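Single-letter residue listing:
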Amino acid sequence: MELEVRHLRVLCAIADTGSLHKAARELGVAQPSLSTQLRRIESTLGAQLFVRARTGCRPTPLGLVVLSRARPLVAEFAAIVTEARAAAARSAGGFRLRIGATASRAVPGWLRRLRTRAPRLEPTLQMNVSANSLLAMVATGRLDMAFVHEVEGSPLRVPPGLSLRVLVEREPQFVTLSADHPAASRRQVRLADLAGDRWMVDSTVDGEWDGLSRVLRAAGLEPELLHGDYLSAYSLAAIGEVVTVSQPTAHPRPDLAIRPLEGDPIGVRLLLAARSEAELDEAYPALEAAYWEVARAAPAYVEWLGRTDSSLDRLSRAGHAGHMGERRRGARGGETSDGTVAAHAGRPCTPPDHSVERGAAFPRTLDA
């Protein structure tokens, strides 16, 4: 067997994720198939490249040497493919903007605004529960940009060469429970109020299971945690079987109560990632306007914003500016001296004025 770029991409994915299971998910293949590929690669090179253990995979000394040569080759090949596809699209008189996203109610409005602003631009959408997978797809040229969320305390693996723009530095996560739950009568729900409830969380979403587990442990709680997708979680929450974490922009339903958690213990950072600042400049204003549009339509979120330092006045102005097509520059994630990514250090969730200070509220891993 001769080594090809796809084999080098396999090695990089295993090293980046530290796990055959996670690498297989990121590459979109079955784990047995990936294990077979790795054995063939190692057989071709005549030595073991990874040490397999119950805790994951780590490169051997030879594996580190191979990876140091493989990464630039994979990146260069991805750049060739990306540039060629863009040139072909331009010559054909159009351009497909390949967008990836984790779940967000802002996505439909974002696509609608992009199409309205540039009719010849045709956005295509790929949804994925894994923010890390989407970032990897942007880095390798399979997507042009990705709108993702990063769970507090679970840093994303940001491939080198990506530009980041922060939409919301810390978006509070709310709790969804049945409308007749005793805690539903409260404007803010204490974690202690839910001590007897079972929680349902989607463990396939990067960082969500670990993030919720950390918060519950810190509160001295050990409730039963169930795995399930969020559509199932909402259905079960409506009949009182579980409670679940939800985005503050979640659409209200008569059989569900969406409430802030007291102290806002769970937060995520919302990011737009692309390979260049120019691409972010083109897409960010439409995303910003779409996000604050759905924020204004979420009563619990509007009330929360009114109780925090974020003013509804500015929220209204942000939405109006977005509808008028005003171009505003977002906060770019820039690397600091200690390897973290610069972020807002001020109010946790503020309609955009984009004044940026350096901070380390959400440290991030930058892959070497």
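Residues numbered from 1 in each chain as written. Predicted model: local features only at pLDDT ≥ 70, side-chain atom pairs only at ≥ 80, totals over all residues. Heavy atoms only, no water.

Caption draft 1: Structural view of the overall build of the chain. Across its full length, the chain holds 11 helices and 15 strands. Counting only residues that meet the buried cut, the chain has 51% of its 368 residues in that class. Of the contacts made within the chain by residues no fewer than 6 positions apart, 72% connect residues no fewer than 24 positions apart. Working note: accessible area of the chain is about 17,100 Å², and carbon and sulfur atoms make up 53% of it. (Helix = DSSP H or I, 4+ residues; strand = E, 2+ residues; numbered from the N terminus. Buried < 20%, exposed > 50% of the residue type's maximum accessible area, 1.4 Å probe, protein only. Contact = heavy atoms within 4.5 Å. Areas by Shrake-Rupley, 256 points an atom, 1.4 Å probe, with all protein chains shown as cover.)

Caption draft 2: Representation of the side chain of Asp202 within the structure. Looking at the secondary structure, you find Asp202 in the loop between strand E9 (199-201) and helix H7 (208-218). For the buried residue Asp202, which engages in no salt bridge, the nearest side chain bearing the opposite charge is Arg25, 7.2 Å off. A distance of 2.6 Å separates a polar atom in the side chain of Asp202 from a polar atom in the side chain of Thr204. (Lys, Arg positive; Asp, Glu negative; His and termini not counted. Salt bridge = Lys/Arg side-chain N within 4 Å of Asp/Glu carboxyl O. Polar contact = N/O pair within 3.5 Å; in protein donor to acceptor, adjacent residues only side chain to side chain.)

Caption draft 3: Spotlight on the packing of aromatic side chains. Within this structure, the stated rule accounts for five aromatic pairs. Residues Tyr291 and Trp292 carry aromatic rings whose centres are separated by 5.0 Å and whose planes lie at 90° to one another, so their mutual orientation is edge-to-face. Judged on exposure class, the residue Tyr291 and its partner Trp292 are both buried. Taking 6.5 Å as the distance between ring centres and 80° as the angle between the ring planes, the aromatic pair formed by Tyr291 and Tyr301 counts as edge-to-face. Placement of Tyr291 in helix H9 (residues 277-296) and of Tyr301 in helix H10 (residues 299-307) is noted, with a sequence separation of 10 residues between them. By the burial criterion, Tyr291 is buried, and Tyr301 matches it. Joined through ring pairs, the aromatic side chains of Phe174, Tyr291, Trp292, Tyr301 and Trp304 make up one cluster. (Phe/Tyr/Trp six-rings, centres within 6.5 Å; stacked < 30°, edge-to-face > 60°.)

Caption draft 4: Representation of the nonpolar core. The biggest cluster of nonpolar side chains holds 36 residues, and the ones touching the most others in it are Trp110, Met145, Phe147, Leu167, Leu272, Tyr291 and Tyr301. Here the element with the most residues in this core is H9; it accounts for 10 residues. In this structure Phe147 touches Gly100, Ala101, Thr102, Ser104, Val107, Trp110, Leu167, Leu270, Leu271, Leu272 and Leu287, once residues within four positions along its chain are discounted. Core analysis: the next-biggest nonpolar cluster, separate from the first, contains 27 residues, Leu212, Tyr230, Val245 and Leu261 among them. (Core = buried A, V, L, I, M, F, W, Y, C linked by side-chain atoms within 4.5 Å.)

Caption draft 5: The confidence of the model for the chain, seen in detail. Of the residues in the chain, 80% have a pLDDT of 70 or more, and the chain-wide mean is 82. For residues 316-348, every residue scores under 50 in pLDDT, and the model assigns this stretch 87 contacts once sequence neighbours within four places are set aside. Here residues 350-368 is a poorly scored stretch, pLDDT under 50, and it has 76 contacts once near neighbours within four places are set aside; other chains count. (pLDDT = per-residue confidence, 0-100.)

Caption draft 6: Spatial organisation of the packing of helix H2 (residues 20-27) against helix H3 (residues 31-45). At a minimum axis distance of 9 Å, the contact between H2 and H3 shows a crossing angle of 105°. What the angle tells us is that H2 and H3 run roughly perpendicular. Together, Leu20, His21, Ala23, Ala24 and Leu27 of H2 and Gln31, Leu34, Ser35 and Leu38 of H3 make up the contact between the two elements. When its residues are assigned to classes, the contact of H2 with H3 shows six nonpolar, three polar and no charged. (Axes fitted to C-alpha atoms, helices over the stretch in contact; angles between N-to-C directions. Parallel < 35°, antiparallel > 145°, perpendicular 65-115°, else oblique. Nonpolar A, V, L, I, M, F, W, Y, C, P; charged D, E, K, R; others polar.)

Caption draft 7: The environment of Ala139, seen in detail. By secondary structure assignment, the location of Ala139 is in helix H6 (residues 131-139). Spatially, the C-alpha atom of Ala139 lies 7.7 Å from that of Ala78, the residues being 61 residues apart in sequence. In contact with Ala139, not counting residues within four places along its chain, are Ala78, Pro159, Leu162 and Arg275.

Caption draft 8: Fine view of the sheet that holds strand E11 (residues 243-246). In spatial order, the strands read E10-E9-E11-E8-E12; together these five strands make up an open sheet with mixed pairing. Where the open sheet ends on each side, the last strands, each with one partner, are strand E10 (225-227) and strand E12 (256-259). When the angles between neighbouring strand axes are averaged without regard to direction, this sheet yields 35°. As judged from the three bridges shared by strand E8 (residues 174-178) and E11, these two strands associate in the antiparallel manner. What sits directly across from Phe174, in E11, is Ser246. On top of the sheet, H7 reaches E9, E10 and E11; it is set at about 170° to E10, its chief contact. Contacting E8, E9, E11 and E12, helix H8 (residues 230-238) crosses the sheet at an angle of about 130° to E11. (Pairing = 2+ DSSP bridges.)

Caption draft 9: View of H9. If you check H9, its first and last C-alpha atoms are 28 Å apart, about what 20 residues at 1.5 Å a residue would give, namely 28 Å. If you look at H9, its biggest bend is around 40°, right at Ala283, and the proline Pro285 turns up within four residues after that. Of all 20 residues making up H9, 14 are buried, and the element is well covered by its neighbours. (Expected span 1.5 Å × (residues − 1). Bend = angle between axes of the 7 residues up to and from the residue.)

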